[in-house]
Amino acid sequence: MQKETHNLKLLQFYADWCQPCQMMMPIVASIKEKEYDFLEILQYNVDEEAFLSQKYNIRSIPTVVVLKNNEEVWRYTGPMRASELEEILLSLR
């Protein structure tokens, strides 16, 4: 049985002017550096990606949305610790 890669996508919605968003950037970067084979991380600036922000019903930032096989399975708005986010991602894979 072949291992499925990138069955999870983390969508990070942020804005450059948003201080809590800036706090999340190194947290998401630290997870990205681990290069998990089951995870793809996509980052979207809400000021530049209005269509995607609307598609995913983003009302506040920072917001992370996790898709599993392209279906939303989890979302969170606000800053969080790297360990918390990583634990959730590992549990969802």
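Keep in mind it's a predicted model, so treat the numbers as computed, not measured.

Asker: Just to check I follow, could you spell out the sheet that holds strand β4 (residues 71-77) for this structure?
Answerer: The strands that make up a sheet pair up through hydrogen bonds in the backbone, lying either parallel or antiparallel. Judged by pairing direction, the sheet is mixed, and its four strands sit side by side in the order β2-β1-β3-β4 without closing on themselves. The outermost strands of the open sheet, each flanked by one partner alone, are β2 (39-45) and β4. Sheet twist, expressed as the average angle between the axes of neighbouring strands with direction ignored, equals 20°.

Asker: For this particular structure, what's the right way to read the pairing of strand β1 (residues 8-14)?
Answerer: A regular strand places its side chains on the two faces of the sheet in alternate fashion. Across the seven residues that make up β1, a large majority, six, are buried. Bridge analysis of β1 against β2 gives seven bridges, and the strand direction is parallel. Residue L11 lies in a different strand from β2, and its bridge partner there is L42. Handedness of the β-α-β unit built from β1, helix α1 (residues 19-33) and β2 comes out right-handed. Bridge analysis of β1 against strand β3 (residues 63-68) gives six bridges, and the strand direction is antiparallel. Within β3, the residue paired with F13 across the bridge is T63.

So, how was this worked out
- Residues numbered from 1 in each chain as written.
- Predicted model: local features only at pLDDT ≥ 70, side-chain atom pairs only at ≥ 80, totals over all residues.
- Heavy atoms only, no water.
- Pairing = 2+ DSSP bridges.
- Helix = DSSP H or I, 4+ residues; strand = E, 2+ residues; numbered from the N terminus.
- Axes fitted to C-alpha atoms, helices over the stretch in contact; angles between N-to-C directions.
- Buried < 20%, exposed > 50% of the residue type's maximum accessible area, 1.4 Å probe, protein only.
- Right-handed = clockwise from strand over helix to strand, strands pointing away.

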